[in-house]
Amino acid sequence: MLRTHLYKMMFVVLVGIFAFSLTAYAQQAKAEVKDEGVFIGKELIADKDTYLKALEEGGLQLYTAHTLSQEQKMINAFMSHFPKIKVVITRAGGATLHEKMLTEQAAGVLKADVVINSDLNYLDEFYNKKWLRKHIPPSDPLYPEKSKSVGYYYPTGASAIILAYHSTLVKKEDAPKDWIDLGNPKWKGKLGGQRLGGGAMWSMVCFIRSQIKEDVFKAWGDNHPIMYTSGGGLSNALISGEVVVTNIGLYAGYPDKYEKGAPIEMVYPQSGFPLYIPVIGLMEQGRNPNAAKLFINWYLSAEGQTLLSGLRGQFSLRDDVPPAPHLPPLKELNHWIPDPKLLLDTELRNKWIQEANKAFGWQ
Amino acid sequence: MPDIPAETAASHGPRNSKDNKLLIILRNYGGFWIILPMFLVLIFLIVYPYFILIYGSFTDEPPRQLSFSFQALTLEKYRLIFASTQFWVALKNTLITSLGGMIFALIIGVWLAWLTARTDIIGKKIIGLAAIVPLFLPAFIGALAWSYLGSPRVGIINVFLREFGLPFTFNIYSLWGIMFVFGLYYTPYVYMFTSGSLNRMDPALEEASAIAGASNWQTTFRVTFPLILPAITSSAILVYILMCEVFAVPAILGQPAKLYFVPTVIYNWVRGAPPHDLNLASAMGILLIVVVSILLYIQSRILRKRSFVTVAGKGIRPKVVSLRWARIPCFITALLYLLVAVVLPYTVLIQSALRDYLYIPNVAAFFSSATMSLKNFQSVLNDSLFWTALWNTISMAVFVGIVGGGLYLIISYMIHKTKLPGRELLNYICILPIAVAGLVKGMAYLWAWISLPIGIYGTVWILILAYISRFTPQGLRAVSSSMVQIHPELEEASRISGCGVMGTIWKILFPLVKPGIFSAVTLVMLLCVRELSTSIFLYTSKSIVMTVLVYDLWESGQWGPVAVTALCLSLVLLGLVTLTRIVLKSELAGQK
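Residues numbered from 1 in each chain as written. Chains lettered and ligands numbered in written order. Predicted model: local features only at pLDDT ≥ 70, side-chain atom pairs only at ≥ 80, totals over all residues.

Visitor: Help me get a handle on the overall build of chain A, residues and values and all.
Guide: Counting secondary structure elements, chain A contains 13 helices and 15 strands. The C-alpha radius of gyration of chain A comes to 22 Å, within 12% of the 21 Å expected for a compact globule of 363 residues. Expressed along its principal axes, the backbone C-alpha trace of chain A runs to roughly 65 × 60 × 40 Å. For chain A, the proportion of its 363 residues judged to be buried stands at 53%. Long-range pairs, those at least 24 residues apart, make up 77% of the contacts in chain A with a sequence separation of at least 6. (Helix = DSSP H or I, 4+ residues; strand = E, 2+ residues; numbered from the N terminus. Rg over C-alpha atoms; globule rule 2.2 N^0.38 Å. Buried ≥ 20, exposed ≤ 12 C-beta atoms within 10 Å, placed from the backbone. Contact = placed C-beta atoms within 7 Å.)

This is the structure in structure tokens:
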């Protein structure tokens, strides 16, 4: 009897291994090497020369501000196509990553081949210092002009900064419909927010200050918003019911939580909403430029973008890539892509952030 | 402080030639050549990184390169700090909250230590375990768990209070709430320091007190506690400083209530909205050195000219106080701590780990299994990063515990048992890492070691060195609290009997301080496993550790996987502590 069970278990395990191998093989087989280059489906990922040189280099160093668990899944998918190209990740929050890179560069030990940062300011600083290597990925024409610096940095995706409410504690008809609605006195003490600091909240401040006429921050401040240090902390507070309405960045896993049945509803404000756009670039001093090009091209390809959108609960700025599950198509939404000039205006940033903090009661 | 009287030792009994040579070196060269290598090690590990940090606080540009210009020095950053009202508010909040937390931790820690070490209370093992289990959670996970328990609107405690019609609201987002969490999570430090001292104490003085007619309570307060004053003050100062520099607790529990603390202000300058001012952060980070120096001065004044030698040549059988009718009430107080510090936060973690999301509007929802599943466990355990982080965490903690423990033992011996020149300076250098705020420590190590052509950057070795450096104060204090209690008569007796210096260290001193060494190893391992702020600056995906993974998951809002990883982290810590206890027991059994 026991032996029979053992045989059955062994059979199941063997079938599982076989199925897994087949899946892996099938996935790996998707990248096709032709004379014109490497293709995934019909999309050109890199020319043959770049691909062969990338294989010779055999790996690359990725410095990223995307969360590690998400990035690791991206790497696994990339390596399922290109198993001979090993990717080592260095991950930190935007500011910490930037400081690390500046220190490494000063010490002459910067290893980064590819950088992804959440704040355009950091990549632009690298661009101005000529630390970025020019590279135009095959998918370049598919990305909107405002979202990229042609040949230098490109959007890894776009996360919507919108409104959300607790669907059990707030009736749909009472829920906020627009930004100013969060300033309704009925939300006093129940309004949440994320500390203003990184690129995401700066995109929101830019939108509110440049696109909305009302003094939204003053109205929010009058409701004494409860501020959290991260988007993750805010999302947990909303789900637990500690705050019942808030502005959110979808990157904090909202679509995934929604799918799991968490009591949250997302609201796309009537007057529009900003997109927060992390960017990717190729580092000039990197030792593996071809592997890095291959990686960036794949990251910006339909497959890379589809996977990343799902993982981060966001949109791709490519029209041919579907958004994360439970998100409507971006085209149907009144979205706003921040003007890079506005995002990069440091003086204005200090002024507006200080004013917003003051309105919220922060020193 | 008891020192090895080299001259006295040399005048007693037979000696072997190797030992004579050592004594001659000690006498002729004043021990300079013996202490020099230790100074070099500590300069590399501690002085150099912190010098860079201090230098950075006096300049306008972060010291990213190994080039120093004294013309660039400026006091501007300090002027800005002192002119900022935010700083004074933050400093006041930090000092007051840490004081409250320290008093709370002292009361609970000494109480639990005394109960387990010197009374006939029931369930000593349970209480002993309860007293250290909060150490198994990184502070920021503990703070997150308490935000779920004690948030005013939907905190689980408040949900229960409302359900039972009790008209109270527990608000963890307040100064009192932060003091409370500080107290809970730093009690184990006080417990570990004081219980070690109580266990090793010679009962002669207590017996004398009893013979003189003092009651048990009078003896406890007039003899026992004064004798363990070094351990109490050491742990008080240690926890106070740790509370001053910890970021996660005030950030998670203070920010929703708009309460500022020094570490949260530093955070804004390091990771807030650009442009960042790392020099300002460095300046504020090292301002804690002033606070620490004052505290250490107070400690030295308290302990001046008093002897705390409590381990002499006689057998040690600590006097046990009979609690009689108070056994049960005392046990209940210990259980209350167990409930608040262990059961409640772990209940939140288990609930979170088993649920797709955590929303507990009423008591029924708390016990409902509707949204329960093992999905979070599956997602974490199927992630290769988790296993990499687990392996890195365990291997680094064990390595740092053993190597660091050995280093701290040697330093402690040099400081407390020799007359080597510069030993006081050695002591001050070792305290330095604790005086600097955690958030800027990572930057200090990064700036200091990255340019050195030794190839450690980007490997686990830079993390290992940073941990050994960072935890020197804690590890050294754990060893030293045992070391200062060893009466010199034991070593003298050994030498009179013909045993050399090294032989005496190996056969007499080492076995007696073994519990202290194991405490140090355990403590350092625990601290390594919990460490975050330095690791986040120095890791790559190859050298990732568990806390970084937890933080990463938290940043992306994955509270369920955070809870699973935190529970695994606690299991790792429990495993390490159990292992060291087993080894210690077998070692002590072997000695007998």
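Visitor: Can you explain the domain arrangement of chain A? Please cite residues and give values.
Guide: Accessible area lost during the coming together of the parts is what is often quoted as the interface size. Residue and element names in this part refer to chain A. Under the domain assignment used here, chain A contains domain 1 (32–156 + 277–330) and domain 2 (159–276 + 333–359). On the domain 2 side, the residues contacting the 20 residues of domain 1 number 22 residues. The element best represented in the side of domain 1 that touches domain 2 is helix 5 (residues 120–128), accounting for 3 residues. (Domains from an automatic or database assignment.)

Visitor: Can you break down the environment of Ser379 of chain B residue by residue, with the values?
Guide: All names here are of chain B. In this fold, Ser379 is placed in helix 18 (residues 375–381). Note on Ser379: 16 C-beta atoms within 10 Å, which makes it partly exposed. Linking Ser379 and Ser147, residues 232 residues apart in sequence, is a C-alpha distance of 24 Å.

Visitor: Which residues make up the sheet that holds strand 3 (residues 43–46) of chain A, and what are the values?
Guide: Residue and element names in this part refer to chain A. Spatial ordering of the open sheet is given by 1-2-3, a layout of 3 strands whose pairing is antiparallel. Two strands bound the open sheet, and with one partner strand each, they are strand 1 (31–33) and strand 3. Averaged over all pairs of adjacent strands, the angle between strand axes in this sheet comes to 35°, irrespective of strand direction. (Pairing = 2+ DSSP bridges. Axes fitted to C-alpha atoms, helices over the stretch in contact; angles between N-to-C directions.)

Visitor: Let's hear about the nonpolar core: which residues, and what values?
Guide: Core analysis: the largest hydrophobic core is formed by 295 residues, its most contacted members being Val114 and Phe295 of chain A together with Val239 and Ile266 of chain B. Considering every element that reaches this core, the biggest residue donor is helix 25 (residues 501–530) of chain B, with 15 residues. Ignoring any residue separated from it by four or fewer positions in sequence, one finds Val114 of chain A in contact with Leu60, Leu62, Ile280, Leu282, Met283, Ala292, Phe295 and Ile296 of chain A. (Core = buried A, V, L, I, M, F, W, Y, C linked by C-beta atoms within 7 Å.)

Visitor: Would you mind going over the interface of chain B and chain A in detail, with residue names and values included?
Guide: Across the boundary between the two partners, chain B contributes 48 residues, which contact 54 residues of chain A. Where the side of chain B that touches chain A is concerned, the elements lending two or more residues are helix 14 (262–271), helix 21 (438–449), helix 26 (535–538) and helix 27 (546–555) of chain B. Sorting elements by how many residues they give to the side of chain B that touches chain A places helix 27 of chain B first, with 5 residues. Taken together, the residues of the side of chain B that touches chain A sort by class into 25 nonpolar, 14 polar and 9 charged. (Nonpolar A, V, L, I, M, F, W, Y, C, P; charged D, E, K, R; others polar.)

Visitor: Just give me the short version of the environment of Leu242 of chain B, but keep the residues and values in it.
Guide: Mapping Leu242 of chain B onto the fold places it in helix 12 (residues 229–245). Sequence separation between Leu242 of chain B and Tyr467 of chain B is 225 residues, and the spatial gap between their C-alpha atoms is 15 Å.

Visitor: Explain the confidence of the model for chain B residue by residue, including any values.
Guide: Residue and element names in this part refer to chain B. Taken over all residues, the pLDDT of chain B has a mean of 82, while the share at 70 or more is 90%. In the model, residues 1–15 has pLDDT below 50 throughout and makes 27 contacts with residues more than four positions away in sequence or in other chains. Predicted complex metrics record ipTM = 0.75 and pTM = 0.80. (pLDDT = per-residue confidence, 0-100.)

Visitor: Give a description of the pairing of strand 4 (residues 59–64) of chain A that names residues and reports values.
Guide: Residue and element names in this part refer to chain A. Of all 6 residues that make up strand 4, 5 are buried, and the element is covered over most of its length. Note that strand 4 and strand 5 (residues 86–91) share 6 bridges and pair parallel. Bridge pairing links Thr64 to Arg91 in strand 5. Regarding topology, helix 3 (residues 68–81) serves as the crossover connection from strand 4 to the parallel strand 5, and that connection is right-handed. With 3 bridges joining them, strand 4 and strand 6 (residues 114–117) adopt parallel strand pairing. By the bridge assignment, Thr64 is partnered in strand 6 with Ile116. (Right-handed = clockwise from strand over helix to strand, strands pointing away.)

Visitor: Run through the packing of helix 19 (residues 384–417) of chain B against helix 25 of chain B, naming residues and quoting values.
Guide: All names here are of chain B. Running from N to C, helix 19 and helix 25 cross one another at 140°; their axes reach a closest spacing of 8 Å. Here helix 25 runs oblique to helix 19, going by the angle between their axes. Once helix 19 is placed against helix 25, the crossing between them reads as right-handed. Residues Thr393, Met396, Ala397, Val398, Val400, Gly401, Ile402, Gly404, Gly405, Tyr408 and Leu409 of helix 19 form the contact with helix 25, whose own contacting residues are Ile517, Ala520, Val521, Val524, Met525, Cys528 and Val529. Among the residues forming the contact of helix 19 with helix 25, the class breakdown is 14 nonpolar, 4 polar and no charged. (Parallel < 35°, antiparallel > 145°, perpendicular 65-115°, else oblique. Left-handed = near helix turned anticlockwise from the far one by under 90°.)

Visitor: I'd like a rundown of helix 10 (residues 289–299) of chain A, residues and numbers included.
Guide: Most of helix 10 of chain A is tucked away: 11 of the 11 residues are buried. By the burial criterion, the buried members of helix 10 of chain A are Pro289, Asn290, Ala291, Ala292, Lys293, Leu294, Phe295, Ile296, Asn297, Trp298 and Tyr299 of chain A.

Visitor: Would you mind going over unusual backbone geometry in detail, with residue names and values included?
Guide: Excluding glycine, residues mostly have negative phi values, and the peptide bonds linking residues are mostly trans. Positive phi is not limited to glycine here, since His224 of chain A has a value of about 50°. Assignment of secondary structure puts His224 of chain A in the loop between helix 7 (216–222) and strand 10 (226–228). The phi dihedral of Lys258 of chain B is positive, around 60°, even though this residue is not glycine. Considering the arrangement of structural elements, one finds Lys258 of chain B in the loop between helix 13 (248–254) and helix 14. The class of Lys258 of chain B is partly exposed, set by 15 C-beta atoms lying within 10 Å.

Visitor: Report on the sheet that holds strand 7 (residues 153–155) of chain A, specifying residues and quantitative values.
Guide: What links the strands of a sheet is backbone hydrogen bonding, and the strands pair in either a parallel or an antiparallel sense. Residue and element names in this part refer to chain A. Across the sheet, 5 strands lie side by side as 5-4-6-14-7; this open sheet has mixed pairing. Both edges of this open sheet fall to strand 5 and strand 7, since each of them pairs with a single strand only. Averaged over all pairs of adjacent strands, the angle between strand axes in this sheet comes to 20°, irrespective of strand direction. The strands touched by helix 10 are strand 4, strand 5, strand 6 and strand 14 (279–282); relative to strand 14, the strand with the most contacts, the crossing angle is about 155°.

Visitor: For the packing of helix 19 of chain B against helix 22 (residues 460–470) of chain B, give the residues involved together with the corresponding values.
Guide: All names here are of chain B. Closest axis-to-axis distance for the helix 19/helix 22 pair is 10 Å, and the angle between their directions is 45°. One finds that helix 19 runs oblique with respect to helix 22. As for the relative orientation of helix 19 and helix 22, their crossing is right-handed in sense. Between helix 19 and helix 22, the contacting residues are Asn392, Met396, Phe399, Val400, Val403, Gly404 and Leu407 on the first element and Val460, Leu463, Ile464, Tyr467 and Ile468 on the second.

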